[in-house]
Amino acid sequence: MELRELARRILDGGRLEDKYFFPDDPGVLADEVRGPAMPWEPPARCPELQIAPRGERLKFPSPQNLGDPEMAVRALHTFANHELMAVELMAWALVAYPEAPAEFRAGMVRLLRDEQRHLRLYADRIEELGGRFGSLPMNDHFWRCAADLTTPMKWICAMNLTFEQGNLDHAPHFAEHFRTCGDEKTAELLDVIFEDEIHHVGFGVRWLKEFKDPEQSLFEAYVENLTFHNEPERARGEGYRRDARRRAGFDESFIAALADL
Ligand SMILES: [Fe+2]
Ligand SMILES: [Fe+2]
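Calculation notes
- Residues numbered from 1 in each chain as written.
- Chains lettered and ligands numbered in written order.
- Predicted model: local features only at pLDDT ≥ 70, side-chain atom pairs only at ≥ 80, totals over all residues.
- Heavy atoms only, no water.
- Domains from an automatic or database assignment.
- Contact = heavy atoms within 4.5 Å.
- Buried area = accessible area lost by both parts, 1.4 Å probe.
- Phe/Tyr/Trp six-rings, centres within 6.5 Å; stacked < 30°, edge-to-face > 60°.
- Helix = DSSP H or I, 4+ residues; strand = E, 2+ residues; numbered from the N terminus.
- Buried < 20%, exposed > 50% of the residue type's maximum accessible area, 1.4 Å probe, protein only.
- Donors = N, O, S within 2.8 Å, 3.2 Å for Na, K, Ca; no water.

Mind showing me how you'd approach the domain arrangement of the chain here?
Interface size is commonly expressed as the accessible surface area that is lost when the partners come together. The domain architecture assigned to the chain consists of domain 1 (1–30 + 42–143) and domain 2 (147–261). The C-alpha-based centres of domain 1 and domain 2 are spaced at 19 Å. Facing the 34 residues of domain 1 at the interface are 32 residues of domain 2. Between domain 1 and domain 2 the total buried area reaches about 2800 Å² when both faces are included, carbon and sulfur atoms providing 73% of it.

I'm lost on the packing of aromatic side chains in this one. Help?
Think of a pair of aromatic rings as described by two things: how far the centres are apart, and how the planes are tilted against each other in angle. Summed over the entire model, instances satisfying the criterion amount to 17 aromatic pairs. Look at tryptophan 40 and tryptophan 92: their rings are 5.4 Å apart centre to centre, the planes differ by 85°, and that puts the pair in the edge-to-face class. Taken together, the residues span a long stretch of sequence, with tryptophan 40 in the loop between α2 (16–19) and α3 (69–96) and tryptophan 92 in helix α3 at a distance of 52 residues. Residue classification places tryptophan 40 among the buried residues on the basis of a relative accessible area of 15%. With centroids separated by 5.9 Å and ring planes inclined at 50°, the aromatic side chains of phenylalanine 104 and phenylalanine 211 adopt a geometry described as tilted. Here the residue phenylalanine 104 occupies a position in helix α4 (residues 102–128), and phenylalanine 211 occupies one in helix α7 (residues 184–211), the gap between them amounting to 107 residues. Judged by its relative accessible area of 1%, phenylalanine 104 falls in the buried class. An aromatic cluster is built from Trp40, Trp92, Tyr97 and Trp143, whose rings are joined through pairwise contacts.

Which parts of the structure should I look at to understand the coordination of the iron ion (ligand 2)?
Note on metal geometry: ideal angles are 109.5 degrees for four donors arranged tetrahedrally and 90 or 180 degrees for six donors arranged octahedrally. Coordination of the iron ion (ligand 2) by the protein involves Glu115 (OE), Glu164 (OE), Glu197 (OE) and His200 (ND1), with metal-donor separations of 2.0 to 2.3 Å. The motif formed by the donor residues of the iron ion (ligand 2), counted along the single chain, is E-x48-E-x32-E-x2-H. A distance of 3.3 Å spans the gap from the iron ion (ligand 2) to the iron ion (ligand 1), which glutamate 115 bridges by coordinating each metal. Placement of glutamate 164 in helix α6 (residues 152–180) and of glutamate 197 in helix α7 is noted, with a sequence separation of 33 residues between them. Assigned by exposure class, glutamate 164 and glutamate 197 land together as buried.

Help me understand the coordination of the iron ion (ligand 1), please; the structure alone is not making it clear to me.
The iron ion (ligand 1) binds to the protein through Glu83 (OE), Glu115 (OE) and His118 (ND1), with metal-donor distances spanning 2.0 to 2.2 Å. Counting gaps between the donor residues of the iron ion (ligand 1) yields the pattern E-x31-E-x2-H. Here glutamate 83 falls in the buried class, since its relative accessible area comes to 6%.

See the structure below:
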């Protein structure tokens, strides 16, 4: 199975099972026939996974209220939707950038697999708490940025280095709140996602180093390639985790520059 076929299956299938699709044996995946570059188009979504109009979206719960299962479900539903959009944006990267290095595309498949796993972890936890993924309104946050991601460099700057880098602070922040509310199980789920996210941000750092002009600093190259809706402030959250960023491979000057914005 070609990577572009894997991608099309995820993008063109609207049900949750389609978004989870991955071959049982990853050895069947090939990257020989890449096809033309495909511009962004909103992926298929079955009726219950549709994006909700703005006025219908629910307010994100206060972290102090996460001990209430209804509020926990509401928060996890938002996180699961981010995972679903990450799955779709990663699948799209496989058809958007046929010219990208084979190693970049192979790495993207590994990230995609992780995001599918994250989506399932959240969807399962939502059910354990009495909810169902797809039952609450969804936003189109990542979709709105996608059309501007015209190069792999812009893609990594938006996805790995902004959204996912932000999660290096958000995931442990919410883990702490769930723990404080006595929900150790959800806290552990967020710990798992945090560890994976370090690798995902690391993928972005590795390719930022590769793609950037050698004269530029990492931070200059990052800021220069940011697109609509991806202000660098979105790459950090409450409690700036310098260690997580070191583990992801950022240099000290990048870590300091983002902190000082
Ligand atoms: Fe994820
Ligand atoms: Fe991720």
